[in-house]
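Secondary and tertiary structure notes
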Amino acid sequence: MDKKIIITGASGLLGRECFKIFDSDNEWTVLGLAYSRSSDKLKRVDLTNFQQVASVFREFKPDVILHAAAERRPDVVEKEEDKTKQINVESTRNLCQLAIELGAYVIFISTDYVFDGRNPPYKITDKPNPLNKYGLSKAEGEKIVMEYSSGNIIFRVPVLYGSVERLDESAVTVLFDKVKDSSQSAEMNHCERRYPTSCSDLAVALKILVDSRIKNPDLTGFFHWSGTDMMTKYDMALAMAQLFGLPSHHLIADVKPSTGAPRPYDCQLDCSRMESLGATKRTPFKTGIKSVLEKFYP
């Protein structure tokens, strides 16, 4: 029987990789949704327009809704709280409502920022305590998803990188602009600990989860997935410089907490539930980031 999945945010960093991996499997029919970057393969849908969304979903009749669309930039969220609520919270509510109507389940892509970073590693049973409005919006989305159906899934991830169209698509790759410009000094945060995660690895993990769910309907609730390389932004920048033989004298380690939206210190995620399903592919940061950045250098 043909299995159907809708992926929101399919033009984004993670959505592109998820679309690719499901589209390459003949057992799945995939519909990717995008808005500002729709294309021949991706359908243009405004997730804040319920009637438009409902029409598309009712026609396609998905078995799975992978909700990857979100406003993910903490500093933007602090300034545009109402706009963020529309995409991170209200659109999530609408998708959950449609899922029940269509007999589908939702996988909500959430964040390690739902935690305060004081007591890592975080288990799937740990209670959220977000420090910023982005984390709050995702925690609210989580609550809605689980209130609508215990059969839904919350999938928490950390900072992501992957094949980008522009360096500013990821909070990781955006560092490369400053790494390349050795003519001026660049302060890099060397306080908060991060676990940069490859989107291609993450898409593989999500595919394993979705395929496993077909065999075991009890795979519901909370899941974590993360890379294992613990790095600050300064560590990431140094690694980039070393990989491309670039100077690093202009990179300055800033040991103070980040300015702007408050960031948690260390949100390491316990990924044992996903690992028990066989999700173990983790590309070392230096290997993954080199392949991503090569087209941007020289």
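What you are looking at is a predicted structure, and each value in this text was computed from that prediction instead of being measured. (Residues numbered from 1 in each chain as written. Predicted model: local features only at pLDDT ≥ 70, side-chain atom pairs only at ≥ 80, totals over all residues. Heavy atoms only, no water.)

1. Remarks on the sheet that holds strand 10 (residues 221-224)
Across the sheet, which stays open at both edges, the seven strands sit in the order 3-2-1-4-5-6-10 with parallel pairing between neighbours. Each of the sheet's edge strands pairs with one partner strand only, and the pair in question is strand 3 (42-44) and strand 10. When the angles between neighbouring strand axes are averaged without regard to direction, this sheet yields 25°. Direction of pairing for strand 6 (residues 153-157) relative to strand 10: parallel, over a ladder of four bridges. Bridge pairing in strand 10 places Ile 153 opposite Gly 221. Across the sheet, helix 1 (residues 13-23) touches strand 1 (3-8), strand 2 (28-34), strand 3, strand 4 (64-67) and strand 5 (105-111), and the angle it forms with strand 2 is around 160°. Those strands touched by helix 7 (residues 199-215) are strand 1, strand 2, strand 4, strand 5, strand 6 and strand 10, and its axis lies near 160° from that of strand 6. (Pairing = 2+ DSSP bridges. Helix = DSSP H or I, 4+ residues; strand = E, 2+ residues; numbered from the N terminus. Axes fitted to C-alpha atoms, helices over the stretch in contact; angles between N-to-C directions. Contact = heavy atoms within 4.5 Å.)

2. Some points on the side chain of Glu 192
The topology assignment puts Glu 192 in the loop between strand 8 (186-189) and strand 9 (197-198). Buried charge Glu 192 goes without a salt bridge, the closest partner of opposite sign being Arg 194 at 4.6 Å. Reaching out from Glu 192, the side chain makes a polar contact with the side chain of Asn 189 at a distance of 3.0 Å. Only 2.7 Å separates the side chain of Glu 192 from the side chain of Ser 258, close enough to count as a polar contact. Discounting chain neighbours no more than four positions away, the residues touching Glu 192 are Met 231, Thr 232, Pro 257, Ser 258, Arg 263, Pro 264 and Tyr 265. (Buried < 20%, exposed > 50% of the residue type's maximum accessible area, 1.4 Å probe, protein only. Lys, Arg positive; Asp, Glu negative; His and termini not counted. Salt bridge = Lys/Arg side-chain N within 4 Å of Asp/Glu carboxyl O. Polar contact = N/O pair within 3.5 Å; in protein donor to acceptor, adjacent residues only side chain to side chain.)

By themselves these figures say nothing about function.
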